[in-house]
Every structure is written in structure tokens, then in C-alpha cells.
Amino acid sequence: MKRIIPIFLALFLPLFAGAQEPDFFGCWNSLTVAKKWDRVSAMLYSEYRSKYDLNTLDCWFVRPVVGYRMLPWLKGEAAYEYYVDPAGPRHRALFFLTESISEGRLSLALRQCYMYGYSVGTSRTSNTFRSRAKLQYAVPESCFKPYLMTETFAWAGWQKVRQYAGTQISLGEYGSLDLYYMYQSFAGSAAAEHVAGLGYRF
């Protein structure tokens, strides 16, 4: 506990700093199907994002993922993503490395990700490094696991930051729900995005 709290203060206090007036509102909905075999895992993740009046498409994507737990506290994953927004389709390759530590009911997961993208319409390529920290608490005798999470996007300078406050809700044999609020800020811009999210996993 004494090791995790200082990390929490450094990473998540910006979430409670004064936020700007909303520039636009979005809603993200996701569906995850996952399976594990000992150290190996496979997952199919899909997401649909809308914005403004919630009838305007922001983007949608499908991401198959395979993972391998190298150590009890270290997991590697590789994924392909087909991503579509108003500018057209993109192909992405993602590589993840996640370190997890826990003390009692409190856990902290640190994830690093390299993402390579190719835009079909323009033939342009992109590189992004994503760094995410997630602090979560399992409420005793409850189905709730509230969390705080922050993720930065960078490559030769930071691009954007996402900050989350949410909770996972266990549905037992029927899977789980993920409810969250996300505040996203962008480099070099006063614009901000406020998102309500709902995900289902089984």
C-alpha cells in the first residue's frame, strides 16, 4: 500500500484539476470476447464511438489480440486493428507490454504500447507510443471494482492525454460491465473531449 499510494498521487491527481468547459461530448461503446489457456490468451475487441449529438460517427474499429504471460507480473500482447473514421480506413499493428503489481485489494497495472498505423486513403504511415497506468480497488463483498486510469500518446513530443474514472461490474458467469467517464486533452489545443463509456466483456 505504501508503495502504490505515491504512484497514485503522481499519476492521477491531474484528473481532478480544473477542467475546461466541454468542447464536445462523446459516447464510446465496446464489446470484448476473451479466452485464456494457461499462459496464452486471445481476445476480440470492438468499439464504436459517436460524438456531438451522439448520432455523428467518430470512429469504429475491430482489434483481434493474442497474449502470452511471460511472468506472473508481466504480460506481452500483439494485435491487428482495422480502424475506420470519416477520413477513411486505417490498418494498425500494436504491441503491448503490461506489468501488474497488487497489495491486498489494491492493484496497479502499467502498460506500454507501440502502435504503427497505415492510412489507406493517403498511404501515410504513423508511429505512436502509448503509456497507460491503471489503479484499481476491489470493493469487499461487492461486484464493483472502481478504478482511475491515465494514458498518454506521444512520438517526438506528446500528442494527447486521456484520464478515466470508472468501475468494472462483475456479472458472474455472464461476464462484466465497464462504466467510465473520460477526459481527453490534446497537445497545442484548448479543445477537450468528454466521453461517457460503456463496455461489455465475456
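See the structure above.
Described in the following lines is the structure provided in the data block. (Residues numbered from 1 in each chain as written. Predicted model: local features only at pLDDT ≥ 70, side-chain atom pairs only at ≥ 80, totals over all residues. Heavy atoms only, no water.)

It is worth spelling out the pattern of salt bridges at this point. Summed over all chains, the structure comprises 7 salt bridges. Notably, a salt bridge pairs E81 with R92, separated by 2.9 Å at the nearest N-O pair. You can see E81 sitting in strand β4 (residues 74-85) and its partner R92 sitting in strand β5 (residues 88-103), a full 11 residues away along the chain. We classify R92 as buried; its relative accessible area is 14%. Look at the salt bridges and you will find they share partners, linking R63, E81 and R92 into a network. (Salt bridge = Lys/Arg side-chain N within 4 Å of Asp/Glu carboxyl O. Helix = DSSP H or I, 4+ residues; strand = E, 2+ residues; numbered from the N terminus. Buried < 20%, exposed > 50% of the residue type's maximum accessible area, 1.4 Å probe, protein only.)

Another point: the packing of aromatic side chains. In total, this model carries 6 aromatic pairs according to the counting rule given. A cation over an aromatic ring shows up here: R49 above the ring of W28, its NZ or CZ 3.7 Å from the ring centre. Directly above the aromatic system of F153 lies the positively charged group of K160, at a separation of 4.7 Å from the ring centroid. (Phe/Tyr/Trp six-rings, centres within 6.5 Å; stacked < 30°, edge-to-face > 60°. Lys NZ or Arg CZ within 6 Å of the ring centre and 35° of its normal.)

Moving on, we come to the pairing of β4. Counting buried positions over the 12 residues of β4 gives 9, a clear majority of the element. Both strand β3 (residues 56-71) and β4 contribute to a ladder of 9 bridges, which runs antiparallel. Within the sheet, the bridge partner assigned to V65 lies in β4 and is A79. In this antiparallel pair of consecutive strands, β3 and β4, the connection spans 2 residues. Sheet analysis places β4 next to β5, joined by 12 bridges and oriented antiparallel. By the bridge assignment for β5, G76 is matched with L97. As consecutive antiparallel partners, β4 and β5 are separated by 2 residues. (Pairing = 2+ DSSP bridges.)

In this section: the side chain of Q136. With respect to the element layout, Q136 can be found in strand β7 (residues 125-137). Within the local environment of Q136, its side chain forms a polar contact with the backbone oxygen of K145, the two atoms lying 3.0 Å apart. A polar contact is formed between the side chain of Q136 and the side chain of Q168, at a distance of 3.2 Å. Not counting residues within four places of it along the chain, the set of residues in contact with Q136 comprises R105, L106, S107, K145, P146, Y147 and Q168. (Polar contact = N/O pair within 3.5 Å; in protein donor to acceptor, adjacent residues only side chain to side chain. Contact = heavy atoms within 4.5 Å.)

Attention shifts here to the side chain of T150. The residue T150 is located in strand β8 (residues 144-154) in this model. Since its relative accessible area comes to 11%, T150 is described here as buried. A polar contact is formed between the side chain of T150 and the backbone oxygen of R162, at a distance of 3.5 Å.

You will see that E141, though not glycine, has its phi angle at about 50°, which is positive. Along the chain, E141 turns up in the loop between β7 and β8.

Right, let's talk about the sheet that holds β4 for a bit. Around the barrel, which closes on itself, the 11 strands sit in the order β1-β2-β3-β4-β5-β6-β7-β8-β9-β10-β11 with mixed pairing between neighbours. Strand-to-strand, the axes of this sheet are offset by a mean angle of 20°, without reference to chain direction. Bridge count between β8 and strand β9 (residues 158-170): 11 bridges; the pairing is antiparallel. Bridge assignment links A154 to a residue of β9, and that residue is W158. (Axes fitted to C-alpha atoms, helices over the stretch in contact; angles between N-to-C directions.)

No statement about biological role is implied by the geometric values presented.
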